[in-house]
Amino acid sequence: MSAPGVLSFTQQGWEQVLTKVKRAVVYLDSACAESLHWGCGSTRLLEAVGGPEFHLREFESDAVGGGVKQPKAVFVLSCLLKGRTVETIRDIICRSHFQYCVVVTAVSHAVHLTANHVPAAAAAELEGQHPVFEQLEEKLCEWMGNMNYTAEVLHVPLLLAPAAPYLALTPAFASLFPLLPQDVHLLNSARPDKRRLGSLGEVDASTLTPKLLLQIRCLVSGLSSLCEHLGVREECFAVGSLSRIIAADLANYAPAKNRRKNATSRASVIFVDRTLDLTGAVGHHGDNLVEKIISVLPQLPGHTNDVMVNMVELTALQQEEENQNVVAPGCLAQSHDTAAKALWEALLNTKHKEAVMEVRRHLVEAASRENLPIKMSMGRVSPGQLTSYIQLFKNNLKALRNHCGLLQLGLATVQTLKHPQTAKWDNFLAFERLLLQSIGESSMSIVLSQLLPMIKPSTQRTNDDYNLEELLILLIYIYSVTGEFVVDKDLGDTEEKVKKALAQAFCEESELSPLLQKITGCDSSINLTSHKSKIAVDELFSTLRDIAGARSPMKQFKSVCVPGNHSHQAIYKPLLKQVVEEIFNPEKPDPVDIEHMSSGLTDLLKTGFSMFMKVSRPHPSDHPLLILFVVGGITVSEAKMVKDLVASLKPGAQVILLSTRLLKPLNIPELLFATDRLHPDLGF
């Protein structure tokens, strides 16, 4: 059996669920559905359910209830069993004929006690008991209409959606994003009677909103379960203000004390704030096919990390737009198809050109195995060539069934290569390189002025021009890569010109995208006045200034740009790369910006004694396993870079990369301008 990892952790959780679902109607929320999707696939759940009259349903207030021939229900939920979530369970049960109800929650009972304001001392005395779950079991029987019916409430840590053996996402926390300086003002206004916070550095758990703190505790509960599965006692470290709070919460998570005593191995868990380097998230440096697929294809409904692949090509339907919704879409996750999974992992780990050749190789080999009349051609791989191979499978049902996963990845590749946005990728890359060079040689005002001629109203834009969302991405790139700067008169004047041009373009936009609606606070361009547009753009630039100053508290990781000179071009040096290089620095100096989070008195004493005696402080490279958690999302290219870098700096070291979501450039402005960052929707 292979060593425990993110995939075995996820599959073990789902195996517990599968033992409960036989002949049941199963209700899943979107985060758990995404975990299932990447972990073992819906087919596995359908097989365990059995019988045509039993179904998988989305957990929502108007979900269809269970009929007379459907006496059993299983609810699989990623959230706390509280408030609106419990009301939805009640409503579904009350319009059904259930006699047996199972509710599975991904949040531990300990966190349910916290959510119900049970003091820590009282919660410690309840160890091994589950009063919150038992109370809900009684309610379930009451709603089913008979106290002798069967009800069960249990915790299964369905935290992760494993995208690769070394990479997993946390769908339930896709909206979790580090705080910005502007959030400090909002925190202050929510606590008028308490000491005012001066900066992000002063923000700790006690100053956060109750809902954000509870969201962090839910995440910590899941991460503690992962550490238990891996059999490790974790040493927690952080880079950034929100990461510091999460790391401290995990280090001091009371229910983990016994688990840590029994752990047979050790691991370093390092949390990193995404906001410290948004350059890599909005940039187009990543020479990776999967990154492009995720960026250009439409998102799979209800998912944050997968896309829709148009499968009409493999049917007799015409390639008309209205037919796209007739056939169920394909996707990237192929958890139950070994050959497709091998191709997916190859695509994650190779450069664009090699990845496209790998797709061709897999299609050729599959066609050969099915004795399909394939015509070999060497040289450059074109979308047309891949399409011709894919169409060989079209009228052969057996071949289609045998290689369905591979064909989905093949079609995703073709649709991405043909997509007009893919051609723009190279334009972005060229302009970003030009900006990097300018940043090293010119003032910020000159760099910013290069954007001015690109800001055009929708009536004057061609397909080659940047739309407003793309201009936002470039602005985020500029401010993040530049970092702290001095605002002089020239920069002030240039910023005003850019702001004026943007505000005008906002007003002249024929239709506001969801992102622009969020930024302007208007659901229609008709309602967007020049005054509202100006206010929105002022707030936008305030956020950009926050982004530029994100690394100002850092001493070592102050810059992500290596300036050019007469012999070398300026280059972007990712913060994650700097963090990993510092972790595995052979001289092993005390980390400056990687803070260690103490887990109680012993650690505090050790840290105190180290000031006077030769006591070594914990170092992130001390242990054979490194778990790196990027709070706010990670790109495919960054994940590959970290994996390869760890392998080269410390061969034999194991690395697990975790993050809240897989990122495409447009996700960053969506997350930056989200209105619920401090008050996340926890389902109650």
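Residues numbered from 1 in each chain as written. Predicted model: local features only at pLDDT ≥ 70, side-chain atom pairs only at ≥ 80, totals over all residues. Heavy atoms only, no water.

Asks: Which residues make up the nonpolar core, and what values go with them?
Replies: Leu 167, Leu 332, Tyr 479, Leu 502, Phe 541, Ile 668 and Leu 672 are the most contacted members of the largest nonpolar core, which totals 128 residues. Ranked by residue count, the leading element in this core is helix α21 (residues 468-482), at 11 residues. Core analysis: the next-biggest nonpolar cluster, separate from the first, contains 51 residues, Cys 218, Val 232, Ala 267 and Phe 629 among them. (Core = buried A, V, L, I, M, F, W, Y, C linked by side-chain atoms within 4.5 Å. Buried < 20%, exposed > 50% of the residue type's maximum accessible area, 1.4 Å probe, protein only. Helix = DSSP H or I, 4+ residues; strand = E, 2+ residues; numbered from the N terminus.)

Asks: So what's going on with empty space enclosed by the protein? Residues and values would help.
Replies: Following the criterion strictly, the structure yields 5 cavities of 30 Å³ or more and no others. By volume, the largest cavity amounts to about 110 Å³. Counting only elements with at least two residues in the lining of the largest cavity, the list comes to β6 (161-164) and α14 (338-348). By residue class, the composition of the lining of the largest cavity is 8 nonpolar, 2 polar and 2 charged. For the lining of the largest cavity, the domains that each give at least three residues are domain 2 (162-277 + 574-674) and domain 3 (298-418). Roughly 70 Å³ of volume is contained in the second largest cavity. Around the second largest cavity, the lining residues are Ser 78, Ala 106, Val 107, Leu 158, Leu 159, Ala 172, Phe 173, Cys 218 and Gly 222. Taken together, the residues of the lining of the second largest cavity sort by class into 7 nonpolar, 2 polar and no charged. (1 Å grid on protein atoms, 1.4 Å probe; cavity = no way out; pocket = protein on both sides within 12 Å on 5 of 7 lines; lining within 4 Å. Points joined across faces, edges and corners; volume = space filled by probe spheres on them. Nonpolar A, V, L, I, M, F, W, Y, C, P; charged D, E, K, R; others polar. Domains from an automatic or database assignment.)

Asks: Help me get a handle on the layout of surface pockets, residues and values and all.
Replies: Considered as a void within the structure, the largest pocket measures approximately 1200 Å³ in volume. Taken together, 39 residues line the largest pocket, and the ones lying closest to its centre are Ala 110, Tyr 253, Ala 254, Pro 255 and Ala 256. When residues of the lining of the largest pocket are traced back to their parent elements, those giving at least two are α1 (6-18), α5 (109-115), α6 (120-125), α9 (210-230), α10 (241-251) and α11 (257-262). It is α9 that contributes the most residues to the lining of the largest pocket, 6 residues altogether. Within the lining of the largest pocket, the residues separate by chemical class into 17 nonpolar, 16 polar and 6 charged. For the lining of the largest pocket, the domains that each give at least three residues are domain 1 (6-158) and domain 2 (162-277 + 574-674). Looking at the second largest pocket, its volume works out to about 1000 Å³. In terms of lining residues, the second largest pocket is bounded by 37 residues, among which Ser 30, Ala 31, Pro 171, Ala 172 and Asp 681 are the most central. Secondary structure elements with two or more residues in the lining of the second largest pocket: α2 (30-39), α4 (84-94), α9 and α28 (667-672). Partitioning the lining of the second largest pocket into residue classes produces 13 nonpolar, 14 polar and 10 charged.

Asks: Quick rundown of the sheet that holds β6? Include the residues and the values.
Replies: In a beta sheet, neighbouring strands are held together by backbone hydrogen bonds and run either parallel or antiparallel to one another. In spatial order, the strands read β6-β7-β14-β13-β9-β8-β12; together these 7 strands make up an open sheet with mixed pairing. One side of each edge strand has no neighbouring strand; the edge strands of this open sheet are β6 and β12 (595-597). Here the strands of the sheet are splayed against their neighbours by 25 degrees on average, with no regard to which way each runs. The pairing of strand β7 (residues 167-169) with strand β14 (residues 654-659) spans 3 bridges and is parallel. Looking at β14, one finds that Leu 169 is bridged to Ser 659. Strands β8 (232-239), β9 (265-273), β13 (625-631) and β14 of the sheet are contacted by α9, whose axis makes an angle of about 160 degrees with β13. (Pairing = 2+ DSSP bridges. Axes fitted to C-alpha atoms, helices over the stretch in contact; angles between N-to-C directions. Contact = heavy atoms within 4.5 Å.)

Asks: Can you explain the domain arrangement of the chain? Please cite residues and give values.
Replies: Per the domain assignment, the segments of the chain are domain 1 (6-158), domain 2 (162-277 + 574-674), domain 3 (298-418) and domain 4 (432-549). Taking the mean C-alpha position of each, domain 3 and domain 4 sit 38 Å from one another.

Asks: Could you give an account of the packing of α14 against helix α18 (residues 404-418), with specific residues and numbers?
Replies: How two helices sit against one another is set out by the angle between their axes and by the gap between those axes. Relative orientation of the contacting elements α14 and α18 amounts to 30 degrees, with a least axis distance of 7 Å. For the element pair α14 / α18, the angle class is roughly parallel. Of α18, the residues touching α14 (which contributes Ala 340, Leu 343 and Trp 344) are Gly 405, Leu 406 and Leu 409. Class assignment of the residues belonging to the contact of α14 with α18 gives a composition of 5 nonpolar, 1 polar and no charged. (Parallel < 35°, antiparallel > 145°, perpendicular 65-115°, else oblique.)

Asks: Could you give an account of the side chain of Thr 85, with specific residues and numbers?
Replies: Mapped onto the secondary structure, Thr 85 falls in helix α4. Every residue in contact with Thr 85, bar those within four places of it in the chain, is listed here: Phe 59, Leu 77, Cys 79, Leu 80 and Gly 683.

Asks: How would you summarise the sheet that holds strand β5 (residues 150-155) if you had to cite specific residues and measurements?
Replies: The parallel open sheet is built from 5 strands, whose spatial order is β2-β1-β3-β4-β5. Edge positions in the open sheet fall to β2 (56-58) and β5, since each of these has one partner strand only. Pairwise comparison of adjacent strand axes, ignoring direction, gives a mean angle of 15 degrees for this sheet. Note: strand β4 (residues 100-105) against β5, 6 bridges, orientation parallel. Within the sheet, the bridge partner assigned to Val 104 lies in β5 and is Leu 154. Together, β1 (25-28) and β3 (72-77) form the strand contacts of α2, whose direction differs from that of β1 by roughly 105 degrees.

Asks: Tell me about the packing of aromatic side chains, and please be specific about residues and values.
Replies: Per the stated rule, a full pass over the model turns up 8 aromatic pairs. The interplanar angle of 40 degrees and the centroid separation of 5.5 Å between the aromatic rings of Phe 271 and Phe 629 together place this pair among those described as tilted. You can see Phe 271 sitting in strand β9 and its partner Phe 629 sitting in strand β13, a full 358 residues away along the chain. Accessibility assignment for this pair places Phe 271 and Phe 629 in one class, buried. Sitting over the ring of Tyr 166, Lys 643 keeps its end group 5.2 Å from the ring centre. (Phe/Tyr/Trp six-rings, centres within 6.5 Å; stacked < 30°, edge-to-face > 60°. Lys NZ or Arg CZ within 6 Å of the ring centre and 35° of its normal.)

Asks: Tell me about the pattern of salt bridges, and name the residues and values.
Replies: Scanning the entire structure with this criterion turns up 29 salt bridges. Here Lys 499 ties to Glu 496 by a salt bridge, and the two come within 3.2 Å at their closest N and O atoms. In this pair, Lys 499 and Glu 496 both sit in helix α22 (residues 489-508), 3 residues apart, roughly one turn of the helix. Take Glu 496: its relative accessible area is 44%, and that puts it in the partly exposed class. Between Lys 573 and Glu 581 there is a salt bridge, with the nearest N and O atoms lying 3.1 Å from each other. The partly exposed category is assigned to Lys 573, whose relative accessible area is 27%. Classification of Glu 581 as partly exposed rests on a relative accessible area of 28%. (Salt bridge = Lys/Arg side-chain N within 4 Å of Asp/Glu carboxyl O.)

Asks: Any details on the environment of Leu 154? Residues and values, ideally.
Replies: Relative to the assigned elements, Leu 154 resides in strand β5. Residue classification places Leu 154 among the buried residues on the basis of a relative accessible area of 16%. A sequence separation of 137 residues divides Leu 154 from Val 17, and the C-alpha atoms of the two residues are 9.7 Å apart. Residues in contact with Leu 154, not counting those within four places in the same chain, are Lys 20, Val 102, Val 103, Val 104, Thr 105 and Phe 133.

Asks: Which residues make up unusual backbone geometry, and what values go with them?
Replies: Positive phi, normally seen in glycine, also occurs at Arg 23, with a value near 55 degrees. The residue Arg 23 is located in the loop between α1 and β1 in this model. A relative accessible area of 46% places Arg 23 in the partly exposed class. Notably, His 117 is not glycine yet its phi reads approximately 60 degrees, a positive angle. Tracing the backbone through its elements, the reader meets His 117 in the loop between α5 and α6. What makes His 117 exposed here is its relative accessible area of 69%.

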